[in-house]
Amino acid sequence: MQKEINADQNYQKTLIETGWVCFEEATAETYKHLGFKSGLEIHQQLQTREKLFCHCPTGIYQDFDDYDAEIVRHMRPTLSELGEYDGTALMEFKTRKEVIYRIKNRTACTYEVDDTPPFPLNRQALEIAIEISLLLKQYIVGEVHITRKQYLDGSIPTGFQRTAIIGIEGAIPLKNKPIRLIQLSLEEDSCREVSDIGHRRIYTTDRLGMPLIEMVTYPEMLTPAEVAEAAHYLRFLARSTGKVRTGIGAAREDVNVSITGGTRIEIKGVSHIREIPLLVHVEAFRQKALLTMREKLVAVISDPKSWQTRSCILDLDVKAVAYPFPESSQKLVAVLLPKFKGILSHFTQPGKDFSSELSDRLKVISCLEKPNLIHSEMANVEEFDHLAKLIKSRLKAEPGDAWICFAGPDEDIPTAIETIQERCQLAFEGVPRETRKSLADGNTLFERVLPGADRMYPDTDSAPIPVPEEDIEQIRNSLPVDLPFRLAQLKEWQVPQDCWTYLLRNNLMPVAEQIVNDFEVEPLFVCTLLAQNIKGRMRLKKKPFPFSKLVDIFAFLKDNNIKWELIKEMIPIIIDNPKIDFQSILNLLSWKKEISSDLFSAVPYFTKSVLKDCRIDCKTSAISWVMGKLRPRALGNVDMQEIFNAIEKQITTQEKKND
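Asks: Where do I start with a negative patch on the surface in this structure?
Replies: A surface patch of like charges, here negative, comprises E127, E469, E470 and D471. Residue placement: D471 occurs in helix α10 (residues 469-476).

Given below as structure tokens:
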């Protein structure tokens, strides 16, 4: 079969036409030329004993097969207060998903499964939310009104999330400019998705209902670096309270991206801030690629509104086609895309083309598992010569047309055809409003249609909650140290910048400051101890360190007149044995008290030996040899820098005598 189009060449050609620039080579001018804008929605779980609207415990997670009961639900959309349906809800309804909740009695009650109304709002969570809102310099609402945000993906059994605005406006200072905030909301977390195959989606309810805050910025970040900087700042600020959860899934970032001519695309559930710059970079160019593709389509199709696909069911056995369609596939369906030649292999993301956009929607909306389609511009399309000829004949294809062939069960075919028609129709508009799922390689997948304002409405089960001014002032008077002060403090202490993230992420600055003030320890020593020595040992041992004990360790060393350097030897033992007493650690180290004068008087003996008997010519090696001999006795008894200086001086003097 003679290829009508070379897919690889077309991909490379359209990549160049899009103006693709590798992330490593992009500059501020690159994003300015694109008209790049981005905003953030940071979700952070709060450290509370109970969930937001019931008394179930938080922070207890279950394994996939650890559950006491299963509940099956089918979701359907409801009209908003304005008598309209939300587009996302309608899309989810099309999927005909069977939603299964795996419930553990210990972490769920009748509220979680929507059998009883909500309990009163968790006041501990409300106070934490107000505290973080005050740190963001926001205006606190005088009365908390709980609303419902509709979710038809099954992530919440009620079909909606209860949420409430706590603070509005505010700003955070980045290095080059401030970024304004829209609001901070307090809301309940959703279920954890553990499986999504075909028409069956499974969740666990252990995380459901846990209190979290959502911090939303205006779209004022103009480069990927600014987006990451803002995300770090908001994370560090929330953690400075010591009242938020840490660990995998405790904080999640949604990133909104748009370019000139494009639209707001929401990248959901980014779990690591380090992934954000590449994700927003790729999304910016994906939008540019879709806009470039739109120009080509409108140039050859004069009336996009009347454009239609043509489809037919093929009289072929699915298994006869040498393609790994899922086992559930029953029939082959061909869809003709008139005048779409060159579009299916058009670049959209690195390693992805427009056919990937169609494949993603077939997976999500029609529940056709991947690989779910063959098309006329595949790199290996010649392998399906017989199929291609049959499709062209049945659909009366013309030279400028493209085709798609998918396989699926009878009940999914109408939705799949409709999905292809809808996505191709959206190609004439440019960039469709979507929520997309982030991937580790910087690419994204279609997740759902971007929700509209119609999905928000008041919660009739919850009364308004007054927020007295005196309560706000009481929280204001006990706020932690402002984050800009901590950043200035780290700079003043001359702490290496590669330590800053660890110290702020783990809220270790209060501990460091207490040690510096109470025991007159050099700030640099304390900070590098935390962010380098302890961090390195924790990673090596793969165990946590009880930071709450650190002040007690320094107090013990001070009371026993032991130099601070010994703590570095104590750390591995404490990590392995968190409950061990400090004297036992000294016994394990075979440490004993030494008179400092005896140690310094031993320096001449060892330096003379190393230069005369051992014949080490290199001065640096000689110093290291002597330090090695004296270190076990000197550590904790004398300042190691002082003993080093004494050895260096003695060796220099001895060398001069020998000369």
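That was the structure; now back to the text.
Asks: I would appreciate a short explanation of helix α13 (residues 509-519) in the present structure.
Replies: Those residues of α13 lying buried are M509, V511, A512, I515, V516 and F519. Buried residues of α13, viewed axially, fall in a sector of 165 degrees; they line one side. Considering only its buried residues, α13 is in contact with α11 (483-492), α12 (497-505), α14 (523-541) and α15 (550-559). Among the residues trailing α13, E520 stands out with phi positive, at a value near 55 degrees.

Asks: Looking at this structure, I do not really get α11. What am I missing?
Replies: Each turn of an α-helix holds 3.6 residues, which means side chains three or four residues apart point in the same direction. What α11 keeps buried is the set L483, R486, Q489 and L490. For α11, the angular spread of buried residues about the axis comes to 110 degrees, placing them on one side. Away from its buried face, by an angle of more than 90 degrees, α11 presents the exposed residues K491 and E492. Of the surrounding elements, those touching the buried residues of α11 are α5 (224-239), α12 and α13.

Asks: Got a minute to help me understand the nonpolar core in this structure?
Replies: Counting residues in each nonpolar core, the largest one holds 158 residues, and the members touching the most others are I132 and F340. The dominant element in this core, judged by the number of residues it contributes, is helix α6 (residues 276-300), at 11 residues. Those residues in contact with I132 that sit more than four places away from it in its chain are L46, L184, I213, M215, L237, A238, T241 and V244. C312, F384, L387 and L395 belong to the second largest nonpolar core, which has 19 residues in total.

Asks: What am I meant to see in the pattern of salt bridges here?
Replies: Here the idea is simple: oppositely charged side chains can pair when their charged atoms come close. Overall, the coordinates contain 43 salt bridges when judged by the stated rule. Put simply, R448 and D153 hold a salt bridge, and the shortest N to O gap is 3.6 Å. Residue R448 is located in strand β22 (residues 444-449), and its partner D153 is located in the loop between β6 (146-150) and β7 (160-168); the two are separated by 295 residues in the primary sequence. For E357, the salt bridge is made with R436, and the minimal N-O distance between the two is 3.8 Å. Taken together, the residues E357 in helix α7 (residues 354-364) and R436 in strand β21 (residues 434-438) connect sequence positions 79 residues apart. A relative accessible area of 4% means that E357 is categorised as buried. Shared partners join several salt bridges into a network, and the residues in it are E283, R286, E357, R361, E422, R423, E434 and R436.

Asks: Whenever I open this one, the packing of α12 against α14 confuses me. Can you help?
Replies: The angle between the axes and the distance between the axes are what describe a pair of packed helices. Between α12 and α14, the least distance of the axes is 9 Å, while the angle of their chain directions is 75 degrees. As summarised for this structure, α12 and α14 are arranged roughly perpendicular, according to the angle between their axes. Residues D498, C499, Y502 and L503 of α12 lie in contact with α14, whose contacting residues are C527, L530, A531, Q532, K535 and M538.

Asks: What am I meant to see in the pairing of strand β13 (residues 251-258) here?
Replies: Each regular strand displays side chains that alternate between the two surfaces of the sheet. Counting buried residues in β13 gives 8 out of 8 residues, a clear majority hidden from the surface. Residues A251, E253, V255 and V257 point to one face of β13 and R252, D254, N256 and S258 to the other, with burial holding for every one of them. Note that strand β1 (residues 37-45) and β13 share 8 bridges and pair antiparallel. Paired with K37 across the bridge in β13 is S258. Relative to strand β14 (residues 265-270), β13 is paired through 4 bridges, and the arrangement is antiparallel. What sits directly across from V255, in β14, is I267. Taking the residues between adjacent antiparallel strands as the criterion, β13 and β14 are bridged by 6 residues, where G261 takes a positive phi near 90 degrees.

Asks: Is there a simple way to think about a nonpolar patch on the surface in this case?
Replies: On the surface, Y139, I165 and I168 cluster together into a nonpolar patch covering about 300 Å² of accessible area. By relative accessible area, which is 61% here, Y139 ends up exposed.

Asks: Which parts of the structure should I look at to understand the pairing of strand β3 (residues 98-103)?
Replies: In terms of residue burial, β3 counts as a mostly covered element, since 5 of its 6 residues are buried. Sheet topology places strand β2 (residues 69-73) next to β3; 5 bridges connect them, and they run antiparallel. Of the residues in β3, the one forming a bridge with I71 is Y101. Pairing analysis gives 5 bridges linking β3 to strand β11 (residues 200-204), with the strands arranged parallel. By the bridge assignment for β11, I100 is matched with I202.

Asks: I keep staring at the sheet that holds strand β19 (residues 373-375) and nothing clicks. Help me out?
Replies: The pairing of strands in a sheet comes from backbone hydrogen bonds and takes either a parallel or an antiparallel form. Taken together, the 4 strands give an open sheet; going across it, the order is β15-β16-β20-β19, and neighbouring strands pair in antiparallel fashion. Only two strands of the sheet have a single neighbouring strand rather than two, namely β15 (310-314) and β19. Neighbour to neighbour, the strand axes of the sheet diverge by 20 degrees on average, direction disregarded. One ladder, built from 3 bridges, connects β19 with strand β20 (residues 402-408); its direction is antiparallel. The residue of β20 that forms the bridge with H375 is I404. Its contacts with the sheet place α7 against β19 and β20, and it is angled at close to 155 degrees to β19.

Asks: Explain the domain arrangement of the chain here, please?
Replies: Reports often express the size of an interface as the amount of accessible area lost when the parts come together. Looking at the assigned domains, one finds that the chain contains domain 1 (7-17 + 298-429), domain 2 (35-264), domain 3 (481-588) and domain 4 (596-658). A straight line from the C-alpha centre of domain 2 to that of domain 4 covers 61 Å.

Asks: I keep staring at the side chain of T435 and nothing clicks. Help me out?
Replies: Position of T435 among the secondary structure elements: in strand β21. Those residues in contact with T435 that sit more than four places away from it in its chain are E266, K268, L445, F446, E447, R448, V449, L450 and P451.

Asks: When you look at the sheet that holds strand β10 (residues 192-197) in this model, what are you seeing that I'm missing?
Replies: Reading across the sheet, the 4 strands line up as β2-β3-β11-β10 and stay open at both edges, with mixed pairing between neighbours. Each edge of the sheet is formed by a strand with only one pairing partner; in this case those strands are β2 and β10. This sheet shows a mean twist of 20 degrees between the axes of neighbouring strands, independent of strand direction. For β10 and β11, the ladder comprises 5 bridges, and the chain directions are antiparallel. When the sheet's bridge partners are listed, R192 is paired in β11 with T204.

About the criteria used
- Residues numbered from 1 in each chain as written.
- Predicted model: local features only at pLDDT ≥ 70, side-chain atom pairs only at ≥ 80, totals over all residues.
- Heavy atoms only, no water.
- Patch = residues over 30% accessible without salt bridge, like charges linked within 9 Å, V, L, I, M, F, W, Y side chains within 5 Å.
- Areas by Shrake-Rupley, 256 points an atom, 1.4 Å probe, with all protein chains shown as cover.
- Salt bridge = Lys/Arg side-chain N within 4 Å of Asp/Glu carboxyl O.
- Lys, Arg positive; Asp, Glu negative; His and termini not counted.
- Charge placed at Lys NZ, Arg CZ, Asp CG, Glu CD.
- Helix = DSSP H or I, 4+ residues; strand = E, 2+ residues; numbered from the N terminus.
- Buried < 20%, exposed > 50% of the residue type's maximum accessible area, 1.4 Å probe, protein only.
- Arc of directions from axis to C-beta.
- Contact = heavy atoms within 4.5 Å.
- Core = buried A, V, L, I, M, F, W, Y, C linked by side-chain atoms within 4.5 Å.
- Axes fitted to C-alpha atoms, helices over the stretch in contact; angles between N-to-C directions.
- Parallel < 35°, antiparallel > 145°, perpendicular 65-115°, else oblique.
- Pairing = 2+ DSSP bridges.
- Domains from an automatic or database assignment.

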